[in-house]
Amino acid sequence: MSVEHDIDSGLIEEIIRDCFWGDYSYSVDDIKKELASGDERFRLFLFTKILNNSRYPSKYIRALFDENEVRFYLSKIPQRQGERASLRRQLVRANVLGELSEIKGLKWLSR
């Protein structure tokens, strides 16, 4: 994605608070620099941290990754994870990619 330099620092601060829980010592500038570098391993790492730990995964993923990246990174995450992880993947697919599917316990409403 080509907008890394324009990413709001406040958004990155939210991601650090929401997703890293003190287990890494990334600063806002560190994350901006890593995103700008295009390092696929870091981007997958950040995507996974957001997907697994964030209260708002679709919001952050939509802001940082384009649709092709979202599809690619979702394909890299093992399918044999727990029900919570599966639900989060399905919700991101629906919210970010518009790929609606039947999710156990949830029903999509037409508007």
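Preceding this section is the structure that the text describes.
Numbering of residues starts from 1 in each chain and follows the order in which that chain's sequence is written. Residues qualify for local features only when their pLDDT is at least 70, as the model is predicted, and side-chain atom pairs are given and counted only at 80 or more; totals for whole chains, interfaces and linings, by contrast, use all residues. Think of the side-chain values as coming from all heavy atoms in the structure, minus any hydrogens and water.

**Description of the packing of helix α5 (residues 67-76) against helix α6 (residues 83-97)**
Two quantities define a packed helix pair, namely the angle between the helix axes and the distance between the axes. The condition that has to hold: For every element, the axis is a line fit to its C-alpha atoms; helices are fit only across the contacting stretch, and the angle between N-to-C directions ranges from 0 to 180 degrees. The way it works is that DSSP assigns letters per residue, a run of H or I at least four long becomes a helix, a run of E at least two long becomes a strand, and they are numbered from the N terminus. Relative orientations are named as follows: roughly parallel for angles under 35 degrees, roughly antiparallel for angles over 145 degrees, roughly perpendicular for angles from 65 to 115 degrees, and oblique for any other angle. Rotating anticlockwise by less than a right angle from the far helix to the near helix defines a left-handed crossing, while the corresponding clockwise rotation defines a right-handed one. By the convention used here, residues are in contact when the closest approach between their heavy atoms is within 4.5 Å.
Where α5 meets α6, the closest approach of the two axes is 11 Å, and the angle between their N-to-C directions is 165°. By the angle class used here, α5 and α6 are roughly antiparallel. In the crossing of α5 with α6, the sense of the turn from one axis to the other is left-handed. Residues E67, V70, R71 and L74 of α5 pack against R89, V92, R93, V96 and L97 of α6.

**Focus on the packing of helix α3 (residues 40-53) against α5**
Quick note on the threshold: Note on residue classes: Ala, Val, Leu, Ile, Met, Phe, Trp, Tyr, Cys and Pro are nonpolar, Asp, Glu, Lys and Arg are charged, and everything else, Gly too, is polar.
Between α3 and α5, the least distance of the axes is 10 Å, while the angle of their chain directions is 80°. One element, α3, and the other, α5, form an angle in the roughly perpendicular class. Residues E40, R43, L44, F47 and L51 of α3 form the contact with α5, whose participating residues are E69, V70, F72, Y73, L74 and K76. For the contact of α3 with α5, the per-class residue count stands at seven nonpolar, no polar and four charged.

**A short note on the pattern of salt bridges**
The condition is simple: One speaks of a salt bridge when a side-chain nitrogen belonging to Lys or Arg is within 4 Å of a carboxyl oxygen belonging to Asp or Glu.
Per the counting criterion, the structure on display carries seven salt bridges. Between D18 and R55 there is a salt bridge; the shortest N-O distance is 2.8 Å. Of the two residues, D18 sits in helix α1 (residues 9-20) while R55 sits in the loop between α3 and α4 (57-64), which places them 37 residues apart along the sequence. A salt bridge links K49 to D23, with the nearest nitrogen and oxygen atoms 3.0 Å apart.

**Topic: the side chain of D18**
The criterion, for reference: When a residue's accessible area, from a 1.4 Å probe over protein chains only, is under 20% of the maximum for its type it is buried; when over 50% it is exposed; and in between it is partly exposed.
Exposure remark for D18: the relative accessible area of 7% places this residue in the buried category. In contact with D18, not counting residues within four places along its chain, are N53, S54, R55, Y56 and Y60.

**Digging into the packing of aromatic side chains**
How we decide: Only Phe, Tyr and Trp rings take part, Trp by its six-membered ring, and two of them pair if their centres are within 6.5 Å. Stacked means planes under 30 degrees apart, edge-to-face means over 60, and tilted covers everything else. As a reminder, the over-ring test applies to NZ of lysine and CZ of arginine, requiring each to be within 6 Å of the ring centre and within 35 degrees of the ring normal.
Summed over the entire model, instances satisfying the criterion amount to 13 aromatic pairs. Taken together, the ring pairs in this structure connect F20, Y24, Y26, F42 and F45 into an aromatic cluster. Its guanidinium or amino end placed over the ring of Y56, K59 lies 5.7 Å from that ring's centre, counting from NZ or CZ.

**Description of unusual backbone geometry**
Phi is positive for W21, close to 50°, though the residue is something other than glycine. Inspection of the secondary structure puts W21 in the loop between α1 and α2 (28-37).

**A closer look at the environment of L46**
Mapping L46 onto the fold places it in helix α3. What makes L46 buried here is its relative accessible area of 1%. Counting along the chain gives 27 residues from L46 to C19, while the straight-line C-alpha distance between them is 8.9 Å. Once residues within four sequence positions are removed from consideration, L46 is found in contact with I15, F20, I31, L35 and L64.

**Side note on α2**
This is how it is decided: This arc corresponds to the set of directions leading from the helix axis out to the C-beta atoms.
For α2, the complete set of buried residues consists of V28, I31, K32 and L35. Angularly, the buried residues of α2 cover 100° about the axis, an arc narrow enough to put them on a single face. Set apart from the buried face of α2 by more than 90 degrees, the exposed residues are D29, K33 and S37. Looking at the buried residues of α2, the elements they touch are α1, α3 and α4. Of the residues flanking the end of α2, it is G38, one or two places downstream, whose phi is positive at about 80°.

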